[in-house]
Each structure stands twice: as C-alpha cells, then as structure tokens.
Amino acid sequence: MGLSMMALKGVFISGCAKAPQLGFANGLSGNYGLIKNLRYDLDKCCKWECCSFGVLAQKAITPVEDEKPTVREVEASAANDGVHENDPKGFHKDLNLLPKPLTAVDLSSAPSDGSKVRVAYQGAPGAYCEDAALKAYPKCEPVPCEEFEAAFKAVELWLVDKAVLSIENSVGGSIHRNYDLLLRHRLHIVGEVQMRIDHCLLGLPGARKEEIKRVMSHPQALAQCETTLTDLGVVKVGALDTAGAAQLVVTEGARDTGAIASARAADIYGLNVLAERIQDDEENITRFLILARDPIIPGLDRPYKTSIVFSLEQGPGVLFKALAVFALRGINLSKIESRPQQQRPLRVVDDSNEGTAKYFDYLFYIDFEASMAEPRAQSALGNLQEFARFLRVLGCYPMDTAL
Ligand SMILES: O=C(O)C(=O)C[C@]1(C(=O)O)C=C[C@@H](O)C=C1
C-alpha cells in the first residue's frame with residue numbers, strides 16, 4: 001500500500017496530462033499567465049485534478065493498490081509502522097505516521113512574515129509604496145527604486161523577489177501608466193494591499209504654514225490634495241514620489257517650500273508636520289499590487305481575486321457578452337478598466353518568451369472575485385476565450401480584507 005509522495009505525484013502528473021487542452025491548467029506547474037490556443041471542453045476533461053490543489057491533495061491520500069512497497073518502505077514499516085503492541089496482526093495503524101499531503105503553505109519558499117523577501121518599490125525611503133511592501137511582508141527588506149519600471153526590472157533580473165505597484169486610488173482613480181506596465185512585463189500579481197493614505201504638509205523646522213508658497217509631491221498626492229492646495233494658493237511641483245519630495249525640501253533648504261508626504265517621511269528627513277490629513281477625502285485609499293516572477297497556487301482557503309486583461313473583436317454587444325460570462329456564473333466584478341491601444345502597439349510577451357507586437361483597439365482589464373481553483377472561474381475564462389481576440393491572466397491572489 002503506497003500512501004506516498006509517489007501517489008501524490010501520480011495524481012498530479014496524470015491530472016495534468018490534459019493540461020495543454022486547458023491552457024491555464026498548467027498554473028500548478030508555475031504559469032497560468034497566458035491563456036493561449038485554448039481548446040476548452042471542461043465537461044470532458046479533468047478540470048478538478050488539473051486545476052484545484054485542494055482536490056489534488058484529496059486524491060493524494062487514495063491508496064495505490066498495485067504499487068509494491070520499496071525495500072526502504074518495508075524496512076521503515078517493520079521498524080516503525082505504528083502497529084499497536086497489543087495488536088500484533090497490525091489491524092490498527094497509527095494514521096498520524098502516514099505522510100501528509102503538501103499544502104500551498106509548504107510549497108511557498110518564504111516565511112509568511114516575509115523575513116527573507118526583498119521587495120522593490122518606487123520612491124525613496126518613507127514612500128507609501130514602502131509602507132505597502134511592509135504591510136504585505138512585515139519583515140521584508142524594502143528596496144527603493146527611482147521608477148516603477150525599475151522595480152519591475154529588478155524582479156525580472158532576480159535582484160529582488162517582488163515589486164509593489166500602486167494601481168488605483170479612491171480619489172484619483174486608476175493609475176493608467178501602471179496598468180500599461182502590467183501588460184508590458186510578464187510578472188504575475190501575487191497579492192494586493194489596500195491602505196489608507198493620510199497626507200501631511202511638511203516644511204523645514206521653524207517654517208510656518210503661512211510661509212509655504214510652493215509644494216512638491218508625487219502627482220497622485222498633489223491630485224489627492226487638490227482642494228487644500230488651491231485654498232493655500234500655492235504652486236504645485238511634481239516629484240518622483242512623496243518621500244523624494246520631502247528629501248528635496250531638505251536639500252533645497254527653502255523655507256517657502258513644502259512637501260506632501262507621510263508623517264513617517266517627516267520623521268525620516270527631519271521635517272516638521274505643518275498640517276495633517278490634508279487629503280480632500282477623509283477616506284483616501286490606495287490599492288497596491290504585489291508582483292513576482294512566478295504565480296501563486298490559487299486556493300479555496302480564503303477569498304481570492306483574479307485579474308485578467310483581454311481584447312475583443314469589433315461588433316455590437318461584444319463587451320456585453322464578455323461581461324455576461326461572469327454574471328451568468330454569479331461572479332462579482334470588482335474592477336473594470338479600459339485602455340486605448342490605437343496609436344502605439346504594446347509588446348505582448350507570450351509563453352515562449354518572445355515578444356510580438358500587436359495592435360488592439362482597446363484592452364479591458366477586469367478584476368473578478370473568484371479563485372482560479374474554482375470551476376466557475378475556469379469555465380468563465382474558457383467561455384471568454386472562445387470569442388476574445390487576446391486573453392491573459394495577470395494573477396490570482398488573496399483579497400486584502402484587512403482594511
Ligand atoms: O509617492 C509615493 O509615496 C508613492 O508611494 C506613490 C503613490 C502612488 O503611486 O499613487 C502611492 C500612494 C499615494 O496614492 C500617492 C503616491
């Protein structure tokens with residue numbers, strides 16, 4: 001009786017033998033990022049074995065009847081097989097001695113507090129993106145980068161493990177450039193972080209709020225404090241990031257120049273907080289994505305989100321049809337964004353790692369609230385693939401429910 005890793009492996013391999021038909025089913029072996037040439041026939045195929053780790057594990061404890069024990073297994077069994085002393089025939093085994101199926105947690109290479117993880121972020125120390133990295137991985141090593149593009153490259157070149165990217169804000173809306181970056185690179189979304197952003201007006205020690213004539217910050221931060229800045233009658237100056245703006249105030253040393261940044265940035269750069277919570281909306285929330293080279297194994301253990309991007313043929317009702325694939329399966333959409341693609345083609349990288357330039361009228365980005373381990377999500381994407389011109393899964397990741 002072989003309740004061993006062999007059994008686990010056997011189910012895994014036989015289940016995935018049909019993976020090429022499913023496209024995204026090979027997610028378990030490391031990449032469900034691109035759905036390509038999908039011949040979708042879920043009713044006939046082993047979708048559960050291929051796509052759901054939960055069921056994979058369940059199958060793994062099925063005894064393999066015709067597998068002979070190895071010499072080592074026999075020896076181990078004789079020495080310590082859990083046979084009860086008062087039950088020499090061995091009818092009652094200690095089930096705790098059986099090998100345990102692997103879980104997604106066992107397979108993750110890093111501890112959950114992120115103590116070994118290096119996370120690239122845009123900005124100087126004290127930037128909100130750094131806060132987001134620390135919220136996701138409290139013990140990580142945040143690595144500052146000048147631009148988001150550099151953070152992406154740092155992951156691709158194995159200089160860091162992950163990157164954090166701001167994607168939308170409750171006041172400013174979507175950060176379009178970052179949507180474009182998601183498509184241009186082939187990283188996978190492995191997590192999201194939602195964070196309340198409380199902006200402060202910072203100035204040199206001794207400077208008063210009334211003296212401030214110029215305010216520097218990241219354009220998103222300036223936009224989130226539009227009303228306050230208009231009331232103050234100051235000149236707005238864009239900077240690479242909020243913490244970088246705070247640093248500039250120090251290096252420029254001008255009493256009439258302030259920065260919009262966090263209270264933590266004020267601490268780091270030795271600036272005074274001249275005003276707190278200056279954002280136009282009290283509830284100013286930014287959503288960040290965590291990106292990695294490899295996707296995570298989608299689970300059923302908690303609420304998951306899946307992010308996709310697709311394009312459609314021209315024609316009346318095609319977008320309606322695309323949205324219906326989710327509605328008909330009771331899948332909630334949490335975000336939809338469209339990006340024009342009329343002027344310049346984006347390089348779309350496919351599985352074979354070779355870039356191909358393609359022209360699209362519009363790209364639609366959708367976040368839906370389901371895990372790729374759920375048959376309804378697989379079936380919705382299979383359905384969408386039947387008429388989408390292009391479809392890529394950007395990632396399936398646990399929802400941030402901690403705000
Ligand atoms: O400039 C920073 O501190 C950032 O982390 C960037 C950023 C952004 O990209 O939107 C992050 C959160 C805030 O919404 C403002 C700025």
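Quantities reported herein were computed from a predicted structural model and do not represent experimental measurements.

Participant: What's the story with the overall build of the protein chain in this structure? I'm lost.
Facilitator: Secondary structure summary: the protein chain contains 15 helices and 17 strands in total. In the protein chain, which comprises 403 residues, the proportion classed as buried is 49%. Residue pairs at least 24 apart in sequence account for 76% of intrachain contacts in the protein chain once pairs closer than 6 positions are excluded. Carbon and sulfur atoms make up 54% of the accessible area of the protein chain, which totals about 20000 Å².

Participant: Please explain the environment of Leu 391 as it appears in this structure.
Facilitator: Relative to the elements of secondary structure, Leu 391 occurs in strand β17 (residues 388-398). Leu 391 sits in the buried class, given a relative accessible area of 2%. Placed 82 residues apart in sequence, Leu 391 and Val 309 show a C-alpha to C-alpha distance of 5.9 Å.

Participant: I would appreciate a short explanation of the packing of helix α8 (residues 148-156) against helix α9 (residues 176-184) in the present structure.
Facilitator: Working note: a packed helix pair is described by the angle between its axes plus the distance between those axes. Where α8 contacts α9, the axes come no closer than 11 Å and their chain directions differ by 25°. On the basis of their axis angle, the class for α8 and α9 is roughly parallel. Between α8 and α9 lies a crossing whose hand is right-handed. Where α8 abuts α9, its residues Phe 148, Glu 149 and Phe 152 lie against Arg 177, Asn 178, Leu 181, Leu 182 and Arg 184. Each residue belonging to the contact of α8 with α9 can be placed in one class, and the counts come to four nonpolar, one polar and three charged.

Participant: Could you clarify how one ought to interpret the pattern of salt bridges in this entry?
Facilitator: A pair can form between side chains of opposite charge whenever their charged atoms are brought close. Inspection of every chain in the model, using the stated rule, returns 23 salt bridges. Of the charged contacts in the structure, one is a salt bridge between Lys 335 and Glu 168, with a shortest N-O distance of 3.7 Å. With a gap of 167 residues between them, Lys 335 in strand β13 (residues 333-340) and Glu 168 in strand β3 (residues 162-169) connect regions that are remote in the sequence. This pair shows no difference in class: Lys 335 is buried, exactly as Glu 168 is. Arg 287 is paired through a salt bridge with Glu 192; the nearest N and O atoms lie 2.7 Å apart. Of the two residues, Arg 287 sits in strand β11 (residues 285-292) while Glu 192 sits in strand β5 (residues 188-196), which places them 95 residues apart along the sequence. Here the two residues Arg 287 and Glu 192 agree in accessibility, since each one is buried. A cluster of three or more residues bridged by salt bridges with shared partners is formed by Glu 168, Glu 192, Arg 287, Lys 305, Lys 335, Glu 337 and Asp 367.

Participant: How do you make sense of the site of the ligand when you look at a structure like this?
Facilitator: Neighbouring residues of the ligand: 13 residues in total, closest Tyr 128, Cys 129, Ser 166, Thr 242 and Thr 286. Here an oxygen atom of the ligand sits 3.0 Å away from a polar atom, N or O, in the side chain of Gln 224. Thr 242 is positioned with one of its side-chain polar atoms (N or O) 2.5 Å from an oxygen atom of the ligand. With the chains in place, 100% of the 360 Å² that the ligand exposes on its own is no longer accessible. In terms of residue class, the shell around the ligand is made up of six nonpolar, six polar and one charged.

Participant: Would you explain the nonpolar core in this entry?
Facilitator: Here is a general trend for soluble globular proteins: nonpolar side chains tend to be buried in one another's company. In this structure, Val 164, Leu 165, Leu 182, Leu 202, Ala 246 and Phe 288 are the most contacted members of the largest nonpolar core, which totals 61 residues. When residues of this core are sorted by domain, at least three fall in each of domain 1 (200-283) and domain 2 (297-398). Sequence-distant contacts of Val 164, that is, excluding residues within four places in its chain, are made with Val 119, Ala 120, Tyr 121, Cys 129, Ala 132, Ala 133, Phe 148, Phe 288, Leu 289 and Ile 290. Tyr 304, Phe 364, Ala 377 and Val 393 belong to the second-largest nonpolar core, a separate cluster that totals 22 residues.

Definitions and cut-offs
- Every chain begins its residue count from 1, and numbering advances along the sequence as written.
- Local features in this predicted model are restricted to residues whose pLDDT is 70 or higher, and side-chain atom pairs enter the listing and the counts only when it is 80 or higher, whereas totals over whole chains, interfaces and linings include all residues.
- To get the side-chain values, take all heavy atoms of the structure and skip hydrogens and water.
- Counting from the N terminus, the helices are the DSSP runs of H or I reaching at least four residues and the strands are the DSSP runs of E reaching at least two.
- Only protein chains enter the area calculation, which uses a 1.4 Å probe; residues under 20% of their type maximum are buried, those over 50% are exposed, and those in between are partly exposed.
- We call two residues in contact whenever any of their non-hydrogen atoms come within 4.5 Å of each other.
- Here the open area of atoms and residues is found with the Shrake-Rupley method and a 1.4 Å probe, where only the protein chains shown may cover a residue.
- To define axes, lines are fitted to C-alpha atoms, for helices over the stretch in contact only, and angles between the resulting N-to-C directions are given on a 0 to 180 degree scale.
- Throughout, the term roughly parallel applies to angles under 35 degrees, roughly antiparallel to angles over 145, roughly perpendicular to angles from 65 to 115, and oblique to all others.
- In this scheme, a crossing is called left-handed if the near helix is turned counterclockwise away from the far one by less than a right angle; it is called right-handed if the turn is clockwise.
- The nonpolar class holds Ala, Val, Leu, Ile, Met, Phe, Trp, Tyr, Cys and Pro. Asp, Glu, Lys and Arg form the charged class, and all remaining residues, Gly among them, are polar.
- Should a side-chain nitrogen of Lys or Arg be within 4 Å of a carboxyl oxygen of Asp or Glu, the pair is scored as a salt bridge.
- Residue proximity to a molecule or strand is established when one non-hydrogen atom of the residue lies within 4 Å of it.
- We call two N or O atoms a polar contact when they sit within 3.5 Å, provided that within protein one can donate a hydrogen and the other can accept it, with sequence-adjacent residues counted only if both atoms are side-chain atoms.
- Working definition of a nonpolar core: buried Ala, Val, Leu, Ile, Met, Phe, Trp, Tyr and Cys residues. They are joined through side-chain atoms within 4.5 Å.
- Where a domain begins and ends is set by an automatic assignment or by a domain database.

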